[in-house]
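Results of the structural survey
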Amino acid sequence: MSRAIPRTYWVAGAAVLLALLFAAAATVAAANGGSAARPANPPRTPGLRSPDAGFARDMAVHHQQAVEMSFVVRDRTQDEAVRTLAYDIANTQANQRGMMLGWLDLWGLPKVVADEPPMSWMGTSGGHGGHGGHAGHGPAKPGALMPGMATKEELEQLGAASGRDAEVLFLQLMTDHHKGGVTMAEGCAQLCATPVERDLAQGMVDAQRSELTLMADMLKQRGATPRG
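Cut-off values and rules
Residues numbered from 1 in each chain as written. Predicted model: local features only at pLDDT ≥ 70, side-chain atom pairs only at ≥ 80, totals over all residues. Heavy atoms only, no water. Disulfide = S-S within 2.5 Å. Buried < 20%, exposed > 50% of the residue type's maximum accessible area, 1.4 Å probe, protein only. Core = buried A, V, L, I, M, F, W, Y, C linked by side-chain atoms within 4.5 Å. Helix = DSSP H or I, 4+ residues; strand = E, 2+ residues; numbered from the N terminus. Contact = heavy atoms within 4.5 Å. Salt bridge = Lys/Arg side-chain N within 4 Å of Asp/Glu carboxyl O.

This brings us to the state of the cysteines. Each disulfide consists of a covalent bond between the sulfur atoms of two cysteine residues. In the structure shown here, the tally under the stated rule is 1 disulfide. The side chain of Cys188 participates in a disulfide bridge whose partner is Cys192; the two sulfur atoms lie 2.2 Å from each other. Every disulfide takes its handedness from the sign of the S-S torsion; for Cys188 and Cys192 that torsion is -120°, giving left-handed. Across the pair, Cys192 and Cys188 agree in class, each one buried.

Listed below in structure tokens is the structure:
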């Protein structure tokens, strides 16, 4: 059964897809080195506590929650607009997460560092007020690992809601989530040394800002507004 999807959804999805395709092609090229002569001074492998590694670890965790919330809301509503957005977010962020974890493997770095505070690669343990004037999306709320992330209680609330209530809560939670994600990605776009990772981070910024505009419109259509 066909359905008409508003052009705004395709714009957001296209921006993310282009960023993914570009980053994936660059990753393959960087990993294989190509058949041409390799540069005399190949790029240095990122260190354990570098912005490159820290961003990959933290954003992989951040993305995982977005994927989980997206799958939850797809089971809690029949609204095609929300279900389409949720599918796009889940698909995009699952792929990006796989890329970042793959880079950590290529660099020979762990996916978890026990004594590393979240977002410390940005300059502070809270991820706000760090390098480059990144003000952040404020400190993480009590019970949340990083700024923008939902708490266990909020995830349970989403899982218990249905219909319009689930749609509004999902859009509000994902709006907060994207704002935190944009702050992190802006940090990597400025601080990371690996070109393909900087490109992916900038693609995240552009795509998630587009989705923030989209979600604000969707909330307005449902008589609601973003939180905070």
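A general trend in soluble globular proteins is that nonpolar side chains are found buried together. The biggest cluster of nonpolar side chains holds 49 residues, and the ones touching the most others in it are Phe55, Leu85, Met100 and Phe170. Every element with two or more residues in this core is listed here: helix 2 (51-74), helix 3 (80-106), helix 5 (163-191) and helix 6 (195-221). Excluding its chain neighbours within four sequence positions, the residues that come into contact with Phe170 are Met69, Ser70, Val73, Val82, Leu85, Ala86, Ile89 and Leu158.

Here we take up the pattern of salt bridges. Summed over the entire model, instances satisfying the criterion amount to 9 salt bridges. Here Glu167 ties to Arg222 by a salt bridge, and the two come within 2.9 Å at their closest N and O atoms. Pair noted here: Glu167 is in helix 5 and Arg222 is in the segment after helix 6, with a separation of 55 residues, a long-range link. Both residues of the pair, Glu167 and Arg222, belong to the buried class. Connected via shared salt-bridge partners are Asp79, Glu167 and Arg222.

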